[in-house]
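Examination of the molecular architecture
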Amino acid sequence: YNSGLGVSKKVAQSGKSPAKQLIKDGVVGTAQGIYSRAQGIIDDVDPKINSILTKSDKAIKSDAIFTSLADGINKAAGNEGSDLFTSSEIRQIIQDSIPQARTLATKETLTLAEANKLRQIMDRTLGDRAFSGATLPFKKDALYDASNSLRGLVQKLAPETKELFKQYATSVGTIKALNN
C-alpha cells in the first residue's frame, strides 16, 4: 500500500504514512479513486472544523504563529545552527509561494478561524499538482511542515477539533503521497 501511494521508506518507518488509516477506513482502488476519496474527506471535515473555530474568541499574535511554524519546521527537518529557519523567513516563504495567503500572513493577530484559513490555503496549494511540480522541493517541504505545525497549534488551542484534524491530516498525507 505504501509503495502504491509513493510513501517513502523513511515516512513509513516513522509511522507517518497514511496507509494504516486508509486500510482501516476501507479505502482501496486506483490512485485517482483514492485521491478523490481523500479530497472528499477534506471537503467534509473542513466546514466542521471551521464551524467550531468560528465560535472561538481566541486569537494568536502572528509573530507567535510564525515562530511556532519555524520551530516546527526546524524540528521536522532536523535543522541546527546556521540551517535554522527564522520566523521571518517562514513568513516570507509563505508570502512568496502562496499569494492567496499574503493578507493573512501580514496581520498582527489572527483568530483561530483565520489561522485555520491560512492552514487551509497552504494545504490546498500543496495539494495542487501544478504547484508541486513548479516549486523547489525545500520550499514545498517547508510549507508542508509549516502547515502541519499550524494545524497542531490550532488543534492545541481548540482541542475539540482533534479527531477532525486527524481525519484531515490523513487525507492531506494521502494527497501529498500521490502527488510525489
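Residues numbered from 1 in each chain as written. Predicted model: local features only at pLDDT ≥ 70, side-chain atom pairs only at ≥ 80, totals over all residues. Heavy atoms only, no water.

Quick notes on the confidence of the model for the protein
Under the convention used in this document: Values of pLDDT, the confidence the predictor places in each residue, fall between 0 and 100. Only DSSP runs of H or I covering at least 4 residues are called helices, and only runs of E covering at least 2 are called strands; the numbering of each starts at the N terminus.
Residue-level pLDDT values for the protein average 82, and 89% of them are 70 or greater. Summarising per-element confidence for the protein, the mean pLDDT is lowest in helix H9 (residues 129-134) (56) and highest in strand S2 (residues 109-111) (94).

Thoughts on helix H11 (residues 162-179)
As a reminder of what qualifies: Working rule for helices: expected span equals 1.5 Å times residues minus one. Burial classes follow relative accessibility: with a 1.4 Å probe on protein chains only, a residue under 20% of its type's maximum area counts as buried, one over 50% as exposed, and anything between as partly exposed.
Helix length check: H11 (18 residues) gives 25 Å between terminal C-alpha atoms against 26 Å at 1.5 Å per residue, within 8%. All of the buried residues in H11 are Leu164, Phe165, Tyr168, Thr170, Ser171, Val172, Gly173, Thr174, Ile175, Ala177, Leu178 and Asn179.

Focus on the environment of Ser17
Going by this rule: Between two residues, a contact is recorded if the distance between any of their heavy atoms is within 4.5 Å.
Its location among the elements puts Ser17 in the loop between helix H2 (9-14) and helix H3 (19-24). Measuring from C-alpha to C-alpha, the distance between Ser17 and Thr174 comes to 8.1 Å, with 157 residues separating the pair along the chain. Leaving out residues up to four positions away in the same chain, Ser17 has contacts with Asn2, Val7, Val11 and Ala12.

So, the side chain of Gln95
With respect to the helices and strands, Gln95 occurs in helix H6 (residues 87-97). If near-sequence neighbours (up to four positions away) are discounted, Gln95 is found in contact with Arg102, Ala105 and Thr106.

Details of the nonpolar core
How we decide: Remark: nonpolar core denotes a set of buried residues (Ala, Val, Leu, Ile, Met, Phe, Trp, Tyr, Cys) joined through side-chain atoms within 4.5 Å.
One finds Ile65, Leu69, Ile90, Ile94, Leu118, Met122 and Leu150 to be the most contacted residues of the largest nonpolar core, which totals 45 residues. It is helix H4 (residues 31-54) that provides the largest number of residues to this core, a total of eight residues. When residues no more than four places from it in sequence are discounted, the contact partners of Met122 are Ile94, Ile98, Leu143, Ala146, Ser147 and Leu150.

Considering the pattern of salt bridges
Let me state the cut-off plainly: In the sections that follow, a salt bridge refers to a side-chain nitrogen of Lys or Arg positioned within 4 Å of a carboxyl oxygen of Asp or Glu.
Applying the stated criterion across every chain, the model contains four salt bridges. The salt bridge partner of Lys48 is Asp44, with a shortest N-O separation of 3.3 Å. Taken together, the positions of Lys48 and Asp44, both in helix H4 and four residues apart, correspond to about one turn of that helix. According to the relative accessible area criterion, Lys48 is partly exposed, its value standing at 41%. One salt bridge connects Asp63 with Arg91, and the closest N-O pair in it is separated by 3.0 Å. Of the two residues, Asp63 sits in helix H5 (residues 62-77) while Arg91 sits in helix H6, which places them 28 residues apart along the sequence. A relative accessible area of 54% means that Asp63 is categorised as exposed. With relative accessibility at 18%, the residue Arg91 sits in the buried group.

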